[in-house]
Every structure is written in structure tokens, then in C-alpha cells.
Number of protein chains: 2
Amino acid sequence: MRTHELVLHQVEADLAAGKLRLGDRLPGERALAGQLGVSRPSVREAIRVLEAMGVVRTSVGSGPDAGAVIVADPGSPLTAALRLHLATSHLPMGDIVQTRVLLESWAVREASGRATPSQVAAAQQLLDAMDEPDLPRERFHLLDAEFHVALATLAGNVLVSTIMASLREAIHGYVIAAAPHVPDWTPVAALLRAQHRAVLAAIADGDGDSAAKLVAEHIEGFYKASRLG
Amino acid sequence: MRTHELVLHQVEADLAAGKLRLGDRLPGERALAGQLGVSRPSVREAIRVLEAMGVVRTSVGSGPDAGAVIVADPGSPLTAALRLHLATSHLPMGDIVQTRVLLESWAVREASGRATPSQVAAAQQLLDAMDEPDLPRERFHLLDAEFHVALATLAGNVLVSTIMASLREAIHGYVIAAAPHVPDWTPVAALLRAQHRAVLAAIADGDGDSAAKLVAEHIEGFYKASRLG
DNA sequence: GATACCTTGTGGTCTGACCACATGGCTGAC
DNA sequence: GTCAGCCATGTGGTCAGACCACAAGGTATC
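Because the structure is predicted, anything quoted here is derived from the model rather than measured. (Residues numbered from 1 in each chain as written. Chains lettered and ligands numbered in written order. Predicted model: local features only at pLDDT ≥ 70, side-chain atom pairs only at ≥ 80, totals over all residues. Heavy atoms only, no water.)

Trainee: I would appreciate a short explanation of the protein's contact with DNA strand D in the present structure.
Mentor: Near DNA strand D you find 24 residues, and of these Arg40 and Arg44 of chain A together with Thr3, Ser39 and Ser42 of chain B are the closest. Protein-adjacent atoms of DNA strand D, using a 4 Å cutoff, are sugar or phosphate at a proportion of 66%. Between Arg40 of chain A and DNA strand D, the recorded distance is 2.8 Å, taken from a side-chain N or O atom to a base nitrogen. Contact between DNA strand D and Thr3 of chain B: a phosphate oxygen at 2.4 Å from a main-chain N or O atom of the residue. Going through the elements one at a time, α2 (29-36), α3 (40-52) and β1 (56-59) of chain A together with α3 (40-52) of chain B are the ones with two or more residues in the surface near DNA strand D. Tallied by class, the residues present in the surface near DNA strand D amount to 4 nonpolar, 12 polar and 8 charged. (Near = heavy atom within 4 Å. Polar contact = N/O pair within 3.5 Å; in protein donor to acceptor, adjacent residues only side chain to side chain. Helix = DSSP H or I, 4+ residues; strand = E, 2+ residues; numbered from the N terminus. Nonpolar A, V, L, I, M, F, W, Y, C, P; charged D, E, K, R; others polar.)

Trainee: Teacher, can you tell me more about the interface of chain B and chain A here?
Mentor: Contacts between the two partners involve 48 residues from chain B and, on the opposite side, 48 residues from chain A. Both faces considered, chain B and chain A share a buried interface measuring about 4,200 Å² in area, 70% of it formed by carbon and sulfur atoms. Inspection of the region where chain B meets chain A yields 8 salt bridges. For Arg83 of chain B, the salt bridge goes to Glu12 of chain A, with nearest N and O atoms at 2.9 Å. On the surface where chain B and chain A come into contact, there are 20 residue pairs in polar contact (both at pLDDT 80 or more). It is helix α4 (residues 75-87) of chain B that provides the largest number of residues to the side of chain B that touches chain A, a total of 9 residues. (Contact = heavy atoms within 4.5 Å. Buried area = accessible area lost by both parts, 1.4 Å probe. Salt bridge = Lys/Arg side-chain N within 4 Å of Asp/Glu carboxyl O.)

Trainee: What exactly am I supposed to notice about the relation of the copies chain B and chain A here?
Mentor: Between the two copies of the chain lies a rotation about an axis combined with a shift along it. The two copies are related by a screw motion: chain B maps onto chain A through a turn of 180° and a shift of 0.1 Å along the axis, at an RMSD of 0.1 Å. The superposition operator between the copies reduces to a two-fold rotation axis. Most of the interface of chain B is mirrored in chain A, where 100% of its interface residues are also at the interface. (Least-squares fit on C-alpha atoms with pLDDT ≥ 70 in both.)

Trainee: What is the right way to read the protein's contact with DNA strand C from this model?
Mentor: Close contacts around DNA strand C come from 25 residues, with Thr3, Ser39 and Ser42 of chain A together with Arg40 and Arg44 of chain B the closest. Considering DNA strand C, the proportion of its atoms within 4 Å of the protein that are sugar or phosphate atoms stands at 65%. A distance of 3.2 Å separates a phosphate oxygen of DNA strand C from a polar side-chain atom of Arg48 of chain B. Among the secondary structure elements, those contributing two or more residues to the surface near DNA strand C are α3 of chain A together with α2 (29-36), α3 and β1 (56-59) of chain B. Looking at the surface near DNA strand C, its residues break down into 4 nonpolar, 12 polar and 9 charged.

Trainee: Is there a simple way to explain the pattern of salt bridges in this structure?
Mentor: Working definition: two side chains of opposite charge can pair if their charged atoms are close together. Residue and element names in this part refer to chain B. Inspection of the entire model under this criterion finds 30 salt bridges over all chains. In this structure, Arg48 engages Glu51 in a salt bridge whose closest nitrogen and oxygen atoms are separated by 2.9 Å. Taken together, the residues Arg48 and Glu51, both in helix α3 and 3 residues apart, mark about one turn of the helix. By relative accessible area, which is 4% here, Arg48 ends up buried. (Buried < 20%, exposed > 50% of the residue type's maximum accessible area, 1.4 Å probe, protein only.)

Here it is, written out as C-alpha cells:
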């Protein structure tokens, strides 16, 4: 076993045993190295991995917030991993689109009937913001992503909404890059806006089947238009 | 930007540009450090992150296989991240079960009608192996996991089957730990075996709806019996 | 020609040092 | 007594240099 893996296992064991909890600070790099009988570079490599996994956040300086703090951010590692594997071209974009359809259809179906009026209103505000004329296209896509993640969150499943958010973020760059393939943007944007409102209305009405159908058409249509799917 | 992140971005850019392809080797740690004007520990930290993300595999020694080789393994990082976040107790087991039901229902529905006889036969062999009397319980669960992943693979979506595999692996330890909660194991195992065969039969018959329903009941029933869900 | 050895290049690890940064207490002025 | 400014302290960030273990492939020996 490599030295930094020893450190990783130790930290994971402490997490599982409850010795390390959310918000706690890891011992300093020098102290941890001393405790485990390894060198500081090995501890640092382990902390880099934990950081990449979204388990700790490090910051320099002094005070209560300094050092390596335990956080719970399952999203960022997933996003980063998806981005990297998309870059290697060994993760077909079509599979990602299909997965989005699958997850979002389920999420809006689940959200129908359990979404509170205030949650629906919050999503509505995002749609209103997207109605603004002369909205830059990148801003449009960011709001769009936020809306879809908000829908996924309504289903109340942390894992599903996390996966959704990561999928959106990982492909955001590709969506922007594909912009030239949709020269006539204005009518497309109008269609997307209308579809969003239809989906949200179906959720508010508690009509899960319609919501699922509408969101699937919405996603598939967009990727087809963007030549991404 | 921290130094090791600079290295990461450089590698990601090379991947996206096609300068680095699957199977290629990264320059040696010393060479890479020299090229980018950073120190070797910084390069090493970056490589640790890439390794954690399943983008490279490192090995010592000499020859064509030595060093850091580009691989495509989106599964292991996902597994590790899920394990760690389960350890922090900020990822409810119920959400994982729900996600499994969602993904597997879709997968078996998709697999119905597109699975070839040879694929079904391969899955059947796993079930036959699970029929062996006096099979150790851990071995049973491993074969069970393999069977479920095989089903997910039949749907032909890399992302979905990868997520599925990671979910299974991440919770494997918890399943084993929950074994004492199912004292009367023999009839439970018999039920699981029967359910497996029913699911596979439905897939072979092309009856997607039945397959989806059966697999959902199978998964939910198991977690309920194990007091995990 | 086959075998044992050794050269070479790889990652793995450690030591020790210095830097940048943020805090928090200390010191001095008022 | 109060407050502003300063500096000691502890943190991660980075570096240089060294040595080890390992595996391949060439080389010398028998």
C-alpha cells in the first residue's frame, strides 16, 4: 500500500467511526504526518485526493477556518470526473443526454404533487428572469441549468439532484461551444421558454405524467437542435 | 491558481485537444515538472488527483507499461466518492436505494427486446453460479452485484451502467455489515434467486414493463429486509 | 545460445527549508 | 481606557535534492 493511501484509509476510517464530522478540521499537515509516521508530502497527496473528492476544503492562513475542513460536496468531484472523461472522448454525449432524460423525467414526476407553492414560485422566478430581452446567451443557459437543477431538487433525492447538477455543469462548455449550430436563436429560445413554463405548470397541477413527457421532449429537442445528442 | 492545478489544467487541455489519447503515457514526473516549470511534488499532487479521477494509472519500473498511462475508468472515482460521502453520513442510504430502483427499472426496460440471446445466457450463468449450495454469503452478494451490473450494461448506456456499478460497490460494505439483521438467510436467498430469474425471463421475453416492475420490487424488498433502506 | 548480471529509467518516499497568507494578541499612541 | 497599528505564530504552498524499490532490456559471461 502506498503511503498516501494509508493516510486516506485512516481518514476514511475516522469519518466512518464518527471521529471526524462535518465541519471538523483535520490535524495540520505536519501533525498528521507525525501521527501516522509518514512524511508531509505523502499527507499532502492524500489531502489532494480528498479535496478532489469533495470531502475537504483547504485554506491557508490562521484562525478557525484555516486548514483542511471536512465538507460534504459530492457534486464537484462528479462534475470534474465527467468533464475529464468527456475530454477523453470515451463518454458518449448521447449517453449523457439519455441519462438526463431518465433522471429528469423521474424527478419532475416525483416533484408533481409534492412541490410546495413557494418552491414552484421560486422556479417561476428563474423563468421570469429568462424572459428578459437581450439576455446574453451564456446567461440564458446558466439560468436554464439552474431551473433544471431546481426541478431535480424538488424530487427530494440528494443523489439524483447532485448527479443532475454535475451533468449540467460538465456539458455546459459543450453547449456554449455548440451555439454556432443554432444560428436562428430567437425562435429556439422562445420555444425553450414555453416548454419550461409548460413543465412547471404540469408540476404545479400535480400532473406527473405530463410533466415527465414534456421535460423529455424538451431535453431531447434541445440537443437535437444543438447537434449535440 | 495553485501549482498542481496548473498541471491538471494542462493535462486536461491536452486531453481535449487530442494531444493525449487513451493508452498514451504522460511524460515522466521529472520531465513534466521541467516542461511546466514546477517542482516534482506539484506534478505528483496533480497525478494523484488524475489517478483518483480514474484518468491515469501509474506503475513503477521500466518498459512500455511503466509510468502514468491514460485510462478511461469513470467508475472507480465515482465509487470512491460515494463511499467517502456515505461515510460522512450526509448521503442518505434511502436516496441511494431510490436511485438504484430508478436506474435499474429503466435499464431492464431498455434491455428488454434489445438483449441478445448470448447476453441473456451470460447473465443466466451468473444465476446458475448463485444456485450453488453452501455458497458463502459474501460470494453470493458479489455475484448478485455482478448480475445487476450485467443487467444495467444490457441497456447500452455507459454512464448508467457506470453509476450502477459504483452504487453497488459503494454500498457493498454496508450490505455485508447488515448481514446479522437477516438471521434466517436461507429463505431470503431463495426468494432473491427466484426474483432474479423472473427478471431475466421478462427481459428475454421482451416484456419491459414486467421486468421494470419486478426489479423494483426485488431491490426495495431486499433493502427493507436488510433494514438498510 | 542461454543465463545471470547490471545499467537505466520509472514512480515512491523522505528531509529540510523557505514563502505567502490570515489571524489574534501585543504594543504603543492618544 | 480605548483604539489603531504592528508583529509573532501557525497554517498551507512550494521547492530542491537525495535515496530507495522496482521492472525492463541490454550486456557480459559461461
